[in-house]
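Below are the chains, spelled out letter by letter.
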Amino acid sequence: MSLFHALVDDAGLFPPTALPMADALKRHRADLAADDPVLTHRFLVAASRLPDLRAHLDHPVRLGLILDTPELPPLDDLDVELVEVPGGAAVDLGGLPARQFVEVTAAQLPVDLPQGVGLKVRCGGTVAAAFPSAQELGAFISYCVERGIPFKATAGLHNAVRHFDPVLGVDRHGFLNLVLAVCAAVRGEDPVPVLGSTDVGELVRLARGVPEGVAVRARELLVSYGSCSTSTPIEDLLALGLIAEGQSGDDSRVRVGSTSTASTGTVGTEENV
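This section reports on the structure supplied with the text.

## Observations concerning the packing of aromatic side chains
- Going through the model one piece at a time under the given rule, you end up with 2 aromatic pairs.
- A centroid spacing of 5.3 Å and a plane angle of 90 degrees characterise the contact between Phe-140 and Phe-151, whose relative ring orientation is edge-to-face. Taken together, the residues Phe-140 in helix H3 (residues 134-147) and Phe-151 in strand E7 (residues 151-154) connect sequence positions 11 residues apart.
- Look at Phe-151 and you get buried, because its relative accessible area is 0%.

## Regarding the nonpolar core
- Judged by nonpolar contacts, the single largest core of 56 residues is most densely connected at Leu-3, Phe-4, Leu-119, Phe-140, Ile-141, Phe-151 and Leu-176.
- If one sorts the elements of this core by residue count, helix H4 (residues 175-186) sits on top with 9 residues.
- Beyond its immediate chain neighbours, meaning those up to four positions away, Ile-141 contacts Phe-151, Leu-178, Ala-181, Val-182, Ala-185, Pro-191 and Leu-195.
- Listed in part, the 20 residues of the second largest apolar core include Ala-24, Phe-43, Val-61 and Ala-98.

## Comments concerning helix H7 (residues 212-221)
- By the burial criterion, the buried members of H7 are Val-214, Ala-215, Ala-218, Arg-219 and Leu-221. Angularly, the buried residues of H7 cover 155 degrees about the axis, an arc narrow enough to put them on a single face.
- Those residues of H7 that are buried are in contact with H3, E7, H4 and strand E10 (222-227).

## As for the packing of H3 against H4
- For the pair H3 and H4, the least separation of the axes is 9 Å and the interaxial angle reads 50 degrees. It follows that H3 is oblique to H4 by the angle criterion. Remark: the crossing between H3 and H4 carries right-handed chirality. The segment H3 lies against H4, with Leu-137, Ile-141 and Val-145 engaging Leu-178, Ala-181, Val-182, Ala-185 and Val-186.
- Residues belonging to the contact of H3 with H4 are distributed by class as follows: 8 nonpolar, no polar and no charged.

What counts, and where the lines are drawn
- Residues numbered from 1 in each chain as written.
- Predicted model: local features only at pLDDT ≥ 70, side-chain atom pairs only at ≥ 80, totals over all residues.
- Heavy atoms only, no water.
- Phe/Tyr/Trp six-rings, centres within 6.5 Å; stacked < 30°, edge-to-face > 60°.
- Helix = DSSP H or I, 4+ residues; strand = E, 2+ residues; numbered from the N terminus.
- Buried < 20%, exposed > 50% of the residue type's maximum accessible area, 1.4 Å probe, protein only.
- Core = buried A, V, L, I, M, F, W, Y, C linked by side-chain atoms within 4.5 Å.
- Contact = heavy atoms within 4.5 Å.
- Arc of directions from axis to C-beta.
- Axes fitted to C-alpha atoms, helices over the stretch in contact; angles between N-to-C directions.
- Parallel < 35°, antiparallel > 145°, perpendicular 65-115°, else oblique.
- Left-handed = near helix turned anticlockwise from the far one by under 90°.
- Nonpolar A, V, L, I, M, F, W, Y, C, P; charged D, E, K, R; others polar.

In short, shape yes, function no, at least from these values alone.
Written out as structure tokens, the structure reads:
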């Protein structure tokens, strides 16, 4: 089991990358051909942009739909796997065979969810106020783990390791920190310390030492996160020595419990939402 298998959804349409539809689909098609196992190969699109998507679609696409319209649009011709809903309340999907994730903040918990509906948490944005603290994000993770609620994450998780953004004046959460925080919560531990860690070497060591059962349960709960870059997460994991270069398939990835040497170099701090 790899902690990073099918972790990253393609959010190339969203800021700050905000690719035009044709360019986003072109990049997505190239990612499908490369078949890197870190990517889910799921394309995130707002419901309001479905006409634009249909006008440019030239290959089969598995979709994650961001519901920014008052009602669910017609979807019979599209392969929709996920529906992400703002506002803290589930909606009627009308028999659509897709998983639903309701976006909430830690302050909105607890929430009453229908059976089978998961949660979504925003980990950043274009302003400092959009970033939850490690304590707030930790409270959300603990809530989901304790109740067995699967969740997705979005925004601010471009890079692997937590780091300070001098432009916004805020600490950005790292996706490696997030994954390991879920593992900590699965073990019954407080996820906040690992969310707040900037110790690259220690985070890599922790990733290599996650027991198989913990890794499986953690990734059952942390379904994926959206990134406007589909290359930077892979580049960061390569730089940290947590995945192998030039290979495809889950078996090529450094598995939990591996003892190979990791890089402790500085990871980039490029922004994403």
